[in-house]
Amino acid sequence: MPNDPIPTPDPEDIADDPLAQRNDSIFARRELLRIGHVPDSDRIVGRDGEIKDIEELLRPGVFGDPPGNAIVYGKTGSGKSLVSRHVTGRARAIAQNNDISLISAYIDCDQANTITRVARSLSQQAEYQSTRSLDIPDKGIGSSEYMDYLYTLLDDADVLVAIIDEIDKLGDDEILFKLSRAEESGKTGCYIGVIAISNKIEYYENLDERVKSSFQDDELVFHPYDAGQIREILNKRRDAFQPNVLEDGVIPRVAALAAREHGDARKAIEILSSSGKLAARNGDSSVSEEHVDAAQDYAEMSRFQELIRGSTPHSKYVLFALAYLQKSSLKQAFSTGEIYHVYEDVCKSEGTDPLSHQRVLELLKEWAFSDVTENRHTGGGKSEGSYREHSLLRDSDMVLDTVFEQPKTKQNIVSDLQND
Ligand SMILES: Nc1ncnc2c1ncn2[C@@H]1O[C@H](COP(=O)(O)OP(=O)(O)O)[C@@H](O)[C@H]1O
Ligand SMILES: [Mg+2]
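For clarity, every value in this text was computed on a predicted model and none was experimentally measured.

What counts, and where the lines are drawn
- Residues numbered from 1 in each chain as written.
- Chains lettered and ligands numbered in written order.
- Predicted model: local features only at pLDDT ≥ 70, side-chain atom pairs only at ≥ 80, totals over all residues.
- Heavy atoms only, no water.
- Helix = DSSP H or I, 4+ residues; strand = E, 2+ residues; numbered from the N terminus.
- Buried < 20%, exposed > 50% of the residue type's maximum accessible area, 1.4 Å probe, protein only.
- Contact = heavy atoms within 4.5 Å.
- Areas by Shrake-Rupley, 256 points an atom, 1.4 Å probe, with all protein chains shown as cover.
- Lys, Arg positive; Asp, Glu negative; His and termini not counted.
- Charge placed at Lys NZ, Arg CZ, Asp CG, Glu CD.
- Near = heavy atom within 4 Å.
- Polar contact = N/O pair within 3.5 Å; in protein donor to acceptor, adjacent residues only side chain to side chain.
- Nonpolar A, V, L, I, M, F, W, Y, C, P; charged D, E, K, R; others polar.
- Domains from an automatic or database assignment.
- Core = buried A, V, L, I, M, F, W, Y, C linked by side-chain atoms within 4.5 Å.

Enquirer: Tell me about the overall build of the chain, and please be specific about residues and values.
Expert: Broken down by element type, the chain carries 16 helices and eight strands. For the C-alpha atoms alone, the extent of the chain along its principal axes is close to 80 × 65 × 55 Å. Buried positions account for 44% of the 420 residues belonging to the chain. In the chain, 72% of the contacts between residues at least 6 apart in sequence involve partners at least 24 apart. Carbon and sulfur atoms provide 46% of the accessible area of the chain, an area that totals close to 22,300 Å². When the 48 basic and 74 acidic side-chain charges of the chain are each reduced to a single mean position, those positions are 3 Å apart.

Enquirer: Any details on the site of ligand 1? Residues and values, ideally.
Expert: Taken together, 20 residues lie near ligand 1, and V45, G77, K80, S81 and Y225 sit nearest. For ligand 1, an oxygen atom lies 3.0 Å from a polar atom in the side chain of R266. Here ligand 1 loses 98% of its free accessible area of 550 Å² to cover by the protein chains. Residue assignment for the shell around ligand 1 shows that the elements contributing at least two residues are α2 (80–97) and α9 (265–282). When grouped by side-chain class, the residues that make up the shell around ligand 1 number eight nonpolar, six polar and six charged. Mapped onto the domain boundaries, the shell around ligand 1 takes at least three residues apiece from domain 1 (47–222) and domain 2 (227–307).

Enquirer: Kindly report on the nonpolar core, identifying the contributing residues and their values.
Expert: Nonpolar side chains in soluble globular proteins generally cluster together in the buried interior. Counting 39 residues, the largest nonpolar core has V118, L122, L154, I164, I175, L176 and L179 as the members making the most contacts within it. Among the elements of the structure, β1 (70–74), β2 (102–108), α3 (115–129), α4 (143–154), β3 (159–165), α5 (174–181), β4 (191–198) and α6 (209–215) are those that each provide at least two residues to this core. Contacts of L122, omitting those with residues within four sequence positions, involve A105, I107, M147, L150, A162, I175 and L179. The next biggest cluster of nonpolar side chains, apart from the first, holds 32 residues, and it includes M398, L400, I413 and L417.

Written out as structure tokens, the structure reads:
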């Protein structure tokens with residue numbers, strides 16, 4: 001094949017290929033640490049009440065009666081997606097056992113972020129679980145047509161349970177309206193239950209009144225985990241690793257870090273998984289607390305880089321100015337005026353005109369909103385008058401290194417600032 005875009009080596013050469021060596025001295029069952037993995041009941045910690053609530057919602061469905069609708073709220077990593085999928089999966093199996101045709105669909109609006117994508121995914125998942133094949137097209141049709149395909153498939157089903165996850169990312173509650181009224185409006189005889197999940201509690205307040213009335217009965221709130229629960233969650237996944245590979249301090253350390261971030265189980269599992277990967281990559285024989293700290297720094301860095309990438313040039317200059325001040329002086333907090341002064345120099349070095357003092361203050365407040373900085377009014381005493389002081393909540397070196405992706409730019413600006 002002359003134009004093989006991926007050439008392969010000769011078979012004799014691959015025996016010694018490092019890629020051919022199983023490197024499983026650290027991990028035994030990696031899949032247990034995948035975020036989307038739905039663990040068995042006995043690995044689910046501290047969510048008995050929430051599991052019961054969802055069971056009550058879906059119980060009628062497993063007997064072919066109408067299931068309820070609910071909105072589930074809670075911060076990231078509080079087990080909302082896990083519990084909803086876990087109970088829905090059981091409901092589907094039990095319904096099948098009862099000779100009830102219960103179709104379940106799971107949509108993550110972080111990915112399916114338009115109403116057309118949601119409707120397409122609903123209809124395709126229904127088709128996959130149905131004995132009929134409608135050859136639903138991948139593109140070229142809109143949400144109403146996809147919904148029509150769904151209703152056609154539902155003609156053969158008794159119950160549909162649809163989990164619409166991260167629904168706040170959709171910015172449109174039409175789909176909830178359509179699903180909650182489908183039966184009433186004669187679109188289908190199948191009973192539909194919707195579990196809508198949101199990380200934002202404000203979501204409900206902004207819902208359309210028509211939708212609210214279908215969901216008002218059931219609002220479930222998932223509370224964050226404490227460090228003890230996170231430890232238990234991680235302990236129950238120890239078998240993702242080879243025996244005796246996790247050093248004693250590792251799980252407590254990961255749990256403490258995750259508890260600091262509102263008890264986020266997702267964060268905990270991610271850090272544990274990255275710690276293991278770091279150990280494996282370094283060829284170390286065990287996972288230590290040092291690996292955990294390195295994994296945490298790396299995670300913080302990548303989240304921060306993401307935030308930086310999404311910000312405007314002047315917003316970056318302002319942050320750079322604050323980081324520069326923090327690094328080059330003994331003080332921890334700086335007035336808007338002090339920051340503005342350095343910011344003007346950064347602009348000069350970048351060959352651009354500075355924004356107004358007021359705009360810079362607004363940009364600083366935006367950074368505070370994302371928890372990159374913090375600001376407060378100083379006491380100052382009546383005669384001096386109080387003023388606002390800003391401080392950096394991140395490592396100043398990390399900020400200086402990240403704000404300008406090319407290190408040369410950073411060097412140039414720093415030397416310009418030093419020469420001033
Ligand atoms: N109570 C729990 N027991 C075991 N694992 C959990 C628990 N809660 C969350 N997890 C795990 O933490 C990660 C994040 O949970 P998830 O359900 O996605 O949170 P949310 O949807 O609230 O953001 C998943 O990998 C999940 O398996
Ligand atoms: Mg989730």
